[in-house]
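Per-entry structural report
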Amino acid sequence: ASNQLAYVSAKTVSEKIGGSYNPLFIYGPVGVGKTHLMQAIANEVYSKDPSIKVIYITSEEFTNEVVDAIRTNNTSNMKRKFRSANLFLLDDVQFLAGKERVQEELFHTFNILLDSSSQVVLSSDKPPADMKKMERRLVSRFGGGLTVDIGPLDFELRCAILLIKAKKYEYPLSMETAKMIAEKTMDARELEGLLLRLITEAETSGIPQEEAVGKLITNNTFEKIFGGDEVIKNTCSYYNLKPTALKGPKREA
């Protein structure tokens, strides 16, 4: 249920790029599958027609290419590369915040791609309206198509992911143990990390998996993931605040 709308939207886009939901803007917290969906769109489109020019790029890579083009005075090749794409996917667009020159390049590339009926897909950890230090004209373009969110993984899905991953590692994870791990985090990446720690602990110590989970809990392995510093760090990142503003006595933020 947490990713059904995003999945259907991605599937629709892959079946007819540029035909609907353009741009498609997918947002959600870390570890819910935004990148997987974007790469699935790219793979599906390319597998059907390898002649279609597909570009998947992270915002960091996009920034590096723009900066390098400016540094070498060779912006024409960079512009030609991005603006000739039939399917352009930009991941983690929130990291372009505050980078005015890069945002300007993206704005013009964005307009040219839409005018040529090319498909644009973007991902972020927040919806367009909540993006700080992003040009308003760019934010407006982001929200001009379909914006869908992927919510946190529900408990049942987290259990299912653990059982699927355990099968991949050929480890006989019990449902009860999966439930114990699933209660500790909502991040898909952390789920796999916890599973690997469990497998290592159980096989190294030769103890039952239930006992291994208990040992991890006793050693505060799970609690470290949700430490105070981590909560403050992620909260400040989401709301674009400094830690001092959050921890200080003032209420201005």
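For the chain, the helix and strand inventory stands at 13 helices and five strands. Relative to its full complement of 253 residues, the chain shows a buried share of 40%. Excluding contacts between residues fewer than 6 apart, the proportion of contacts in the chain whose partners are at least 24 apart in sequence is 74%. Of the roughly 13,900 Å² that the chain leaves accessible, carbon and sulfur atoms contribute 52%.

Let us now look at the packing of helix H8 (residues 175-182) against helix H9 (residues 188-205). When two helices pack together, their arrangement is captured by the angle between the axes and the distance separating the axes. Between H8 and H9, the least distance of the axes is 10 Å, while the angle of their chain directions is 130°. By the criterion of interaxial angle, the relationship of H8 to H9 is oblique. The interaxial crossing formed by H8 with H9 has right-handed handedness. Residues Thr177, Ile181 and Ala182 of H8 form the contact with H9, whose participating residues are Leu191, Leu194 and Leu198.

Read from one edge of the open sheet, five strands run S2-S3-S4-S1-S5, paired in parallel fashion. Unpaired on one side and paired on the other, strand S2 (54-58) and strand S5 (146-149) mark the two borders of the sheet. Across this sheet, the average inter-strand angle for adjacent strands is 15°, counted without regard to direction. As paired elements, strand S1 (residues 24-27) and strand S4 (residues 119-124) share four bridges and run parallel to each other. Bridge pairing links Tyr27 to Ser124 in S4. Running over the sheet, helix H2 (residues 34-48) touches S1, S2, strand S3 (87-91) and S4 and is turned about 165° from S3. Against the sheet, helix H3 (residues 59-71) touches S2 and S3, its axis set at about 95° to S2.

Scored by pLDDT, the chain comes out at a mean of 87, with 90% of its residues at no less than 70. Across the chain, S3 holds the top mean pLDDT of 97, while helix H11 (residues 221-225) sits lowest at 50.

A word on the side chain of Glu201. Tracing the sequence through the fold places Glu201 in helix H9. If sequence neighbours within four positions are ignored, Glu201 has contacts with Gly206, Ile207, Ala212 and Lys215.

Looking now at helix H1 (residues 4-15). Counted at 1.5 Å a residue, the expected span for H1 with its twelve residues is 16 Å, and the 17 Å between its end C-alpha atoms agrees. Three or more residues of H1 are buried, namely Ala6, Ser9, Ala10, Val13 and Ser14. What you see down the axis of H1 is that its buried residues fit within an arc of 135°, all on one side.

Applying the stated criterion to the full structure yields five aromatic pairs. Between the aromatic rings of Phe82 and Phe88, the centroid separation amounts to 5.9 Å while the plane-to-plane angle is 75°, which identifies the pairing as edge-to-face. Here a set of aromatic residues connected by ring pairs shows up, and it is made of Phe25, Phe110 and Phe142. Residue placement shows Arg137 over the ring face of Phe107; its charged tip is 4.0 Å from the ring centre.

Here the focus is the pairing of S4. The buried count for S4 comes to six of six residues, which makes it a mostly enclosed element. On S4, burial covers both faces: Gln119, Val121 and Ser123 on one face and Val120, Leu122 and Ser124 on the other are all buried. Note that S3 and S4 share four bridges and pair parallel. Looking at the pairing, Phe88 lines up with Val120 of S4. Chirality of the crossover, the property in question, places the unit of S3, helix H5 (residues 100-115) and S4 among those that are right-handed.

The step from Asn22 to Pro23 runs through a cis peptide bond, and the omega angle for that step is 5°. Within the element layout of this structure, Pro23 appears in the loop between H1 and S1. Phi is positive for Ser117, which is not a glycine, with a value near 65°. Assignment of secondary structure puts Ser117 in the loop between H5 and S4.

Criteria and cut-off values
Residues numbered from 1 in each chain as written. Predicted model: local features only at pLDDT ≥ 70, side-chain atom pairs only at ≥ 80, totals over all residues. Heavy atoms only, no water. Helix = DSSP H or I, 4+ residues; strand = E, 2+ residues; numbered from the N terminus. Buried < 20%, exposed > 50% of the residue type's maximum accessible area, 1.4 Å probe, protein only. Contact = heavy atoms within 4.5 Å. Areas by Shrake-Rupley, 256 points an atom, 1.4 Å probe, with all protein chains shown as cover. Axes fitted to C-alpha atoms, helices over the stretch in contact; angles between N-to-C directions. Parallel < 35°, antiparallel > 145°, perpendicular 65-115°, else oblique. Left-handed = near helix turned anticlockwise from the far one by under 90°. Pairing = 2+ DSSP bridges. pLDDT = per-residue confidence, 0-100. Expected span 1.5 Å × (residues − 1). Arc of directions from axis to C-beta. Phe/Tyr/Trp six-rings, centres within 6.5 Å; stacked < 30°, edge-to-face > 60°. Lys NZ or Arg CZ within 6 Å of the ring centre and 35° of its normal. Right-handed = clockwise from strand over helix to strand, strands pointing away.

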